[in-house]
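Coordinates in review
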Amino acid sequence: MANVVDSIAKVETFIISIPREVPYLGPLKPGEAINARGYLVRKGNRTIYPSTDMTLLIKVTGESGKVGWGECYGIVAPEATRAIVDDVLGPVIVGRDPGDVAVIHEDLYDLMRVRGFFGGFYVDALAGLDIALWDLFGKGLGVPVSTLLGGRRHATIPAYVSGLPRATLSERVEFAVEWVGKGFAGVKFAAVVSDEGIVAEMAALREALGPKVDIMVDLHWKFEAAEAIRLIRKLEPYDLYFAEAPCAPEDLEGQLRVAQGIGVPLALGEELRTVFEYRQRIERRAMSIVQPEMGHTGITEFAGIGRMAQAAHMRVIPHASISVGLFMAASLQVASTLRDVPYHEYQHSIFDRNLEFTGTDMSCAAGNYLVPTGVGIGAEPKDEVFAFVR
Ligand code: MG
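Here's a quick rundown of the structure. Given the structure is predicted, the values throughout are model-derived calculations rather than measurements.

Let us now look at the overall build of the chain. Along its length, the chain carries 12 helices and 17 strands. In terms of overall size, the chain behaves like a compact globule, its C-alpha atoms giving a radius of gyration of 20 Å where 390 residues would be expected to give roughly 21 Å. Dimensions of the chain, computed from C-alpha atoms along their principal axes, come out at roughly 60 × 45 × 40 Å. Taken over 390 residues, the chain has a buried fraction of 58%. Here the contacts in the chain between residues at least 6 apart in sequence split such that 74% fall between residues at least 24 apart. With an accessible surface of roughly 15,100 Å², the chain has 54% of that area assigned to carbon and sulfur atoms. In the chain, 38 positive and 49 negative side-chain charges are present, and the distance between their average locations comes to 3 Å.

Counting 110 residues, the largest nonpolar core has Val60, Leu129, Val217, Ile232, Val258, Ile299 and Tyr346 as its most contacted members. With 11 residues, helix α3 (residues 120-141) is the single largest residue contributor to this core. For Ile232, the contacting residues outside a window of four places in its chain are Leu219, Leu240, Ala243, Pro246, Val258, Ile262 and Val264. Judged by nonpolar contacts, the second largest core, of 11 residues, contains Tyr24, Leu25, Val193 and Ile322.

A separate point is empty space enclosed by the protein. Throughout the structure, instances matching the rule amount to one cavity of 30 Å³ or more. Taken as a whole, the largest cavity holds about 40 Å³ of empty space. When grouped by side-chain class, the residues that make up the lining of the largest cavity number five nonpolar, two polar and no charged.

Their axes nearest at 9 Å, the elements helix α1 (residues 78-93) and α3 cross at an angle of 55°. For the element pair α1 / α3, the angle class is oblique. For the pair α1 and α3, the crossing hand works out as right-handed. Residues Ala80, Thr81, Ile84, Val85, Leu89 and Ile93 of α1 touch α3, and the partners they reach there are Phe121, Tyr122, Asp124, Ala125, Leu126, Leu129 and Leu133.

Here we come to the packing of helix α10 (residues 294-311) against helix α11 (residues 326-335). It is the contact of α10 with α11, at a shortest axis distance of 10 Å, that shows an interaxial angle of 30°. In terms of their interaxial angle, α10 and α11 are classed as roughly parallel. Once α10 is placed against α11, the crossing between them reads as left-handed. Of α11, the residues touching α10 (which contributes Met294, Gly295, Ile299, Phe302 and Ala303) are Phe327, Ala330, Ser331, Val334 and Ala335. Here the residues of the contact of α10 with α11 sort into eight nonpolar, two polar and no charged.

Around the magnesium ion, the donor atoms from the protein are Asp218 (OD), Glu244 (OE) and Glu270 (OE), and they sit 2.0 to 2.2 Å away. Given a relative accessible area of 1%, Glu244 falls into the buried group. Judged by relative accessible area, Glu270 falls into the buried class, the value being 12%.

So, about the layout of surface pockets. Estimated volume of the second largest pocket: approximately 170 Å³. Lining the second largest pocket are Gly44, Asn45, Arg46, Thr47, His220, Trp221, Lys222 and Pro249. Looking at side-chain class alone, the lining of the second largest pocket contains two nonpolar, four polar and two charged residues. Summarising the domain contributions, the lining of the second largest pocket has at least three residues from each of domain 1 (8-143) and domain 2 (148-377).

Definitions and limits used
- Each chain has its residues counted from 1, following the order in which its sequence is written.
- Thresholds applied to this predicted model are a pLDDT of at least 70 for local features of residues and 80 or more for the giving and counting of side-chain atom pairs; totals over whole chains, interfaces and linings are not thresholded and use all residues.
- Note that the side-chain values use all heavy atoms of the structure and ignore hydrogens as well as water.
- Labels follow the DSSP assignment, with helices taken as runs of H or I lasting at least four residues and strands as runs of E lasting at least two, numbered in each case from the N terminus.
- Atoms counted for the radius of gyration: C-alpha only. Globule rule: 2.2 Å times residue count to the power 0.38.
- For every residue, the accessible area obtained with a 1.4 Å probe (protein chains only) is divided by the maximum for its type, and the residue is called buried under 20%, exposed over 50%, and partly exposed between those limits.
- Any pair of residues with heavy atoms lying within 4.5 Å of one another is described as a contacting pair.
- Note on areas: these come from Shrake-Rupley sampling with a 1.4 Å probe, and a residue is covered only by the protein chains present in the view.
- We score Asp and Glu as negative and Lys and Arg as positive, and we do not count His or the chain ends.
- To locate a charge, take NZ of a lysine, CZ of an arginine, CG of an aspartate or CD of a glutamate.
- Residues belong to one nonpolar core when they are buried, are Ala, Val, Leu, Ile, Met, Phe, Trp, Tyr or Cys, and are joined through side-chain atoms within 4.5 Å.
- Site definitions follow a grid-based scheme: protein atoms alone, a 1 Å grid, a 1.4 Å probe that fits but cannot get out for cavities, and for pockets an open set with protein on both sides within 12 Å along at least five of seven lines, plus lining residues having an atom within 4 Å of a point.
- Grid points are joined across faces, edges and corners, and a volume is the space filled by probe spheres set on the points.
- By the convention adopted, Pro, Cys, Tyr, Trp, Phe, Met, Ile, Leu, Val and Ala count as nonpolar, Lys, Arg, Asp and Glu as charged, and the other residues, Gly among them, as polar.
- Helix axes are fitted only over the stretch in contact, all axes being lines through C-alpha atoms; the angle between N-to-C directions runs from 0 to 180 degrees.
- Oblique is the label for any angle not under 35 degrees, not over 145, and not in the 65 to 115 range, which are roughly parallel, roughly antiparallel and roughly perpendicular in turn.
- Helix crossings fall into two classes, left-handed where the near helix is turned counterclockwise from the far one by less than a right angle and right-handed where it is turned clockwise.
- Because water is not among the atoms used, a metal site may look incomplete, as its donors are only the N, O and S atoms within 2.8 Å, or 3.2 Å for Na, K and Ca.
- Where each domain begins and ends follows an automated or database-derived domain assignment.

Here it is in structure tokens:
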């Protein structure tokens, strides 16, 4: 059968590493240091982060000469993800039609599943390639990805300010007040850096921001279920909007116990990649808000997760990670097609700065994202970003 949209001719990958002045999650704390590879381990959540904004871009060129761009999670060991694209996924899809993107996604997922690769770096690589194929598909037909998915419901999506990267509680409160002053209606603080106490931080934020602002907390997988329930109940009198990621990601039973034991919505899912990982949590109602991360899911899985959540009457509040803007654009494309998206996460310290490397009309101002209107994902890397190829 002849291809309908285009024919995939070439797949290329680029690791990008953009220096930043203040590391993600704020200044270094005592005992934290940047190692020889540029990483640091946060003591609060025992998690490794890059000291730069690191990401992996994927370029797919069609026989037509049109180019699709994708991006996936590349914040640690991006060489591993790149090798999967260069050595395994890219060569397999040469000659195929980007209009078959969802079928290609299934075929590539199948390549390694019997060996146990249905998550991690393998699916991250698949996610980035999937975004590039949807982009090429949209460009081939001259329409945005949201049209390919069935239509755009939202031209804008409310953004909540994620993380208050300042050293002390009073500085973080002041920072939150500043953002609310710019028109943002939601703010999330990170319990992992609430050194003055998590309840104290919630109380101080509520007092400073007044009753109308939505305040969320990210618990960074730190707690056993009963501890989490006790803590979240203490936050409820301050009208917590949602509690995120209280228990270890493997602890599905703990997530269920917390979801059923608290009086506010539980949000989770940023670390999950596929409909299979989400399905068991959605079926058992382990949360009431799902937080798919485009850099892990790609467009095909994100759309599947979003529809599944919608069918279960759950809300979708997508996660936003380190990106030069491409997977953010893809995330907004899919989110714009879903019914119930009260917010999309906004990583101000990453999004605003890295947007200068992206050709797009996507923006975030006065509390709202503008969903990009261009064809495909509606965003392309500018030449300047390739000055930061690692
Ligand atoms: Mg989080």
